[in-house]
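# A look at the structure
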Amino acid sequence: MTSSEFIVKENINTLRLDKALSLLDSKYSRVYFSNLIKNGDVLVNGQKVSPSYKVKTGDKITINYVKKDKDKDLEPYDFKLDVVYEDDNVLVINKPKGLVVHPGNGHFNDTLVNALIYANIKLSSINGVERVGIVHRIDKDTSGLLLICKDDFTHKEIAKQLESHSMHREYIALVDGVIEVNNGKIIGKIGRDKANRLKMAIDNINGKEAITHFEVIERYKKYTLIRCQLETGRTHQIRVHLSSIHHPLVGDVLYGGSSEVYNNGQLLHAYKLTFYHPVLKKEISLECDLPQYFKDVLTRLAK
């Protein structure tokens, strides 16, 4: 572990602490610094603070950097990865339903990160030991395309695309009820549900901006198949937004979805991913088909 000290200058006065640190030391992401702050590895004037602390001119910031050794405390997981695209800088996989992206919340040795370690894939180190290579996530029971970065330069450039909403991500979802309009736009800030910490909720006062576009693909007697495009990428965004307009995802019991035709997690698949490759300097667009269990439900509904 190494340490550094900074004195806050006027040019970053009033910025969030995690954002300020990512500007002071651009080798690391805001998320990396946010995790350091939460773990008590960042002190402001000798005191622990939150990532949202607004820095003030003259503040003395002490940072204890955690050594980023990708093999440290990570147990390899023998799990066959469905690789959709790979080059020297990025890897895109088709994540199956049920696979957690990184260690935490009761999953420590059976995650995608553990599988990447087992495959001995070179990974970016920006987000710390437990999130090597991970630049964005999809939920455990959501399937589909997930991009992994192999080096820190590519990771930082892809993270900028996520922050600027220039990365294009589309999902296919089956929702309860018949949506009458052919397309729509859902706007609603998202924050942690105050009554249930496992959930997110619409919180237009304290939440983060979230925008989801949707388009109807097919209508069934009691359900609608839709295509969703994310303009932002908040935790559980599609699940929260569709539930907020009274069309929760089928199988998503956490957010009020029905379980009559499927009862093993939400029917949500990340089928399309388009991004600008910062090293190859070209746009890459990828698609992957619906998983078989999803197709089976649609076949039953069509009958």
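Please read all numbers here as calculations on a predicted model, not as lab measurements.

## Comments concerning the pattern of salt bridges
Going through the model one piece at a time under the given rule, you end up with twelve salt bridges. When the shortest N-O distance is used, the salt bridge between D139 and R239 registers 3.0 Å. Placement of the pair is D139 in the loop between α3 (112-118) and β7 (143-149) and R239 in helix α5 (residues 237-244), with a sequence separation of 100 residues. By relative accessible area, R239 is classed as buried at 7%. A salt bridge links K295 to D289; the shortest N-O distance between them is 2.5 Å. If you follow the salt bridges from partner to partner, you end up with D139, R239 and D252 in one network.

## Looking at the pairing of strand β5 (residues 83-86)
Every regular strand shows the same layout, with side chains that alternate between the two sheet faces. Pairing of β5 with strand β6 (residues 90-95) involves three bridges; the strand directions are antiparallel. Paired with E86 across the bridge in β6 is L91. Adjacent in sequence and paired antiparallel, β5 and β6 are bridged by three residues.

## With respect to the UniProt feature "active site" (unreviewed entry) in the chain
Here, UniProt's "active site" (unreviewed entry) annotation points to D139. In this structure D139 touches K95, H236, R239 and Q266, once residues within four positions along its chain are discounted.

## A look at unusual backbone geometry
For H246, which is not a glycine, the phi torsion comes out positive at approximately 70°. Relative to the helices and strands, H246 resides in the loop between α5 and β14 (268-277).

## Points about the packing of aromatic side chains
All chains considered together, the criterion is met by two aromatic pairs. Taking 5.5 Å as the distance between ring centres and 15° as the angle between the ring planes, the aromatic pair formed by Y262 and Y293 counts as stacked. A residue pair is termed long-range when its members are at least 10 positions apart, and Y262 in the loop between α5 and β14 and Y293 in helix α6 (residues 292-302) qualify at 31 residues. A relative accessible area of 11% means that Y262 is categorised as buried. Positioned over the ring face of Y293 is K97, at 5.9 Å from the centre of the ring.

## Brief notes about the environment of I226
Take I226: it is sitting in strand β13 (residues 223-230). The class of I226 is buried, set by a relative accessible area of 0%. Remark: the alpha-carbon pair of I226 and V216, spanning ten residues in sequence, is separated by 4.4 Å. Leave out the neighbours within four places in its chain, and I226 touches Y171, I172, A173, V175, I179, F214, E215, V216, I217 and L242.

## A few points about the nonpolar core
Counting 34 residues, the largest nonpolar core has L112, L116, I148, Y171, I226 and I238 as the members making the most contacts within it. Secondary structure elements with two or more residues in this core: β6, α3, β7, β8 (168-176), β12 (211-219), β13, α5 and β14. Sequence-distant contacts of L116, that is, excluding residues within four places in its chain, are made with L81, L91, I121, L123 and I148. Counting residues in hydrophobic clusters, the runner-up holds 18 residues, among them F33, L36, Y65 and I126.

## Regarding the sheet that holds strand β2 (residues 42-44)
Adjacent strands of a sheet pair through backbone hydrogen bonds, lying either parallel or antiparallel. Judged by pairing direction, the sheet is antiparallel, and its four strands sit side by side in the order β1-β4-β2-β3 without closing on themselves. Looking at strand neighbours, the two that pair on one side only are β1 (2-7) and β3 (47-48), the edges of this open sheet. In terms of strand pairing, β1 meets strand β4 (residues 60-65) through six bridges, oriented antiparallel. Residue pairing across strands places S3 opposite N64, the latter belonging to β4. With respect to the sheet, helix α2 (residues 30-38) is in contact with β2 and β4, its orientation differing from that of β4 by roughly 95°.

Definitions and cut-offs
Residues numbered from 1 in each chain as written. Predicted model: local features only at pLDDT ≥ 70, side-chain atom pairs only at ≥ 80, totals over all residues. Heavy atoms only, no water. Salt bridge = Lys/Arg side-chain N within 4 Å of Asp/Glu carboxyl O. Helix = DSSP H or I, 4+ residues; strand = E, 2+ residues; numbered from the N terminus. Buried < 20%, exposed > 50% of the residue type's maximum accessible area, 1.4 Å probe, protein only. Pairing = 2+ DSSP bridges. UniProt positions renumbered as here; feature names shortened; annotations may be inferred. Contact = heavy atoms within 4.5 Å. Phe/Tyr/Trp six-rings, centres within 6.5 Å; stacked < 30°, edge-to-face > 60°. Lys NZ or Arg CZ within 6 Å of the ring centre and 35° of its normal. Core = buried A, V, L, I, M, F, W, Y, C linked by side-chain atoms within 4.5 Å. Axes fitted to C-alpha atoms, helices over the stretch in contact; angles between N-to-C directions.

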